[in-house]
Amino acid sequence: LHWPARYSPQSNWGQSLEYKQEVELYSGGRADFGEIAEAMGALVKQGKIRGWGMCNDNAYGLAASCYAARALGVPPPVNMQ
């Protein structure tokens, strides 16, 4: 999965790590960690993919994805690029 589709303050592109709640208000309506983990788990179970990983996310996104996958009993992400 490439680029988190949620508000995620990151300093790697010149952004501030300051959390801005007003930005969060405009970034709703997207899949949550559980929905993504469930979809990736289904693809692994169907044999369409062997594993899944994340790119350009942060530690919060990786940890939340792992926790969601474990709670659902599906394979968690196997790498972070």
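Every chain is numbered on its own, with residues counted from 1 as its sequence reads. Given that the model is predicted, a residue must reach a pLDDT of at least 70 before its local features are reported, and side-chain atom pairs must reach 80 or more before they are shown or counted; all residues, however, enter totals for whole chains, interfaces and linings. Hydrogens and water are ignored here; the side-chain numbers use all heavy atoms of the structure.

Before we move on, can you summarise the overall build of the chain with the specific residues and values?
From N to C terminus, the chain includes three helices and two strands. By definition, any uninterrupted DSSP run of H or I lasting at least four residues is a helix, any uninterrupted run of E lasting at least two residues is a strand, and each is numbered from the N terminus. Moving toward the C terminus, one meets the helices and strands of the chain in the order α-α-β-α-β. The cut-offs for exposure are 20% and 50% of the maximum accessible area for each residue type, with area from a 1.4 Å probe on protein chains only; residues under the lower value are buried, those over the upper are exposed, and the others partly exposed. The buried share among the 81 residues of the chain stands at 30%. Here, two residues are considered to be in contact whenever any of their heavy atoms come within 4.5 Å of each other. Excluding contacts between residues fewer than 6 apart, the proportion of contacts in the chain whose partners are at least 24 apart in sequence is 58%. Using a 1.4 Å probe, accessible areas were evaluated by the Shrake-Rupley method; residue-level cover was limited to the displayed protein chains. Taken as a whole, the chain presents about 5700 Å² of accessible surface, with 56% of it coming from carbon and sulfur.

Describe the nonpolar core, with residues and values.
As used here, the term nonpolar core means buried Ala, Val, Leu, Ile, Met, Phe, Trp, Tyr and Cys residues forming a set that is joined through side-chain atoms within 4.5 Å. Counting residues in hydrophobic clusters, the biggest one holds nine residues: Phe33, Ala37, Met40, Trp52, Met54, Ala64, Ala68, Ala69 and Val74. Counting only elements with at least two residues in this core, the list comes to α2 (33-45) and α3 (59-72). Beyond its immediate chain neighbours, meaning those up to four positions away, Ala68 contacts Phe33, Gly34 and Ala37.

Outline α2, listing residues and values.
Side chains of residues three or four places apart in an α-helix project in the same direction, reflecting 3.6 residues per turn. Here a helix's expected span is defined as the number of its residues, less one, multiplied by 1.5 Å. Between its terminal C-alpha atoms α2 stretches 18 Å, which fits the 18 Å expected from 13 residues at 1.5 Å a residue. Within the sequence span of α2, burial applies to Phe33, Ala37, Met40 and Gly41. Take α2 and look down its axis: the buried residues cluster within an arc of 105°, on one side only. The inward-facing, buried residues of α2 contact α3. Two N or O atoms form a polar contact when they lie within 3.5 Å of each other; inside protein one atom must be a possible hydrogen donor and the other a possible acceptor, and for residues adjacent in sequence the pair counts only when both atoms belong to side chains. For α2, the N-terminal capping position is held by Asp32, with its side-chain oxygen 3.0 Å away from the main-chain nitrogen of Gly34. Remark: Gly47 follows α2 within two positions and exhibits a positive phi of approximately 80°. Here the arc refers to the set of directions running from the helix axis out to each C-beta atom.

How would you sum up the side chain of Asn58? Please name residues and give values.
Considering the arrangement of structural elements, one finds Asn58 in the loop between β1 (53-54) and α3. A distance of 2.9 Å separates a polar atom in the side chain of Asn58 from the backbone nitrogen of Gly61.

Please give an account of the packing of α2 against α3 that cites residues and values.
Contact geometry of α2 with α3 gives a least axis separation of 8 Å together with a crossing angle of 60°. One finds that α2 runs oblique with respect to α3. The handedness of the crossing between α2 and α3 is right-handed. Only Tyr60, Gly61, Ala64, Ser65, Ala68, Ala69 and Leu72 of α3 make contact with α2, whose side of the interface consists of Phe33, Gly34, Ala37 and Glu38. Each residue belonging to the contact of α2 with α3 can be placed in one class, and the counts come to seven nonpolar, three polar and one charged. Only the stretch in contact is used when a helix axis is fitted, and all axes are lines through C-alpha atoms; the angle between N-to-C directions ranges over 0 to 180 degrees. Working rule for angles: under 35 degrees goes down as roughly parallel, over 145 as roughly antiparallel, 65 to 115 as roughly perpendicular, anything else as oblique. Note on convention: the crossing is left-handed when the near helix lies turned anticlockwise from the far helix by less than a right angle, right-handed when the turn is clockwise. Amino acids are sorted into nonpolar (Ala, Val, Leu, Ile, Met, Phe, Trp, Tyr, Cys and Pro), charged (Asp, Glu, Lys and Arg) and polar (every other residue, Gly among them).

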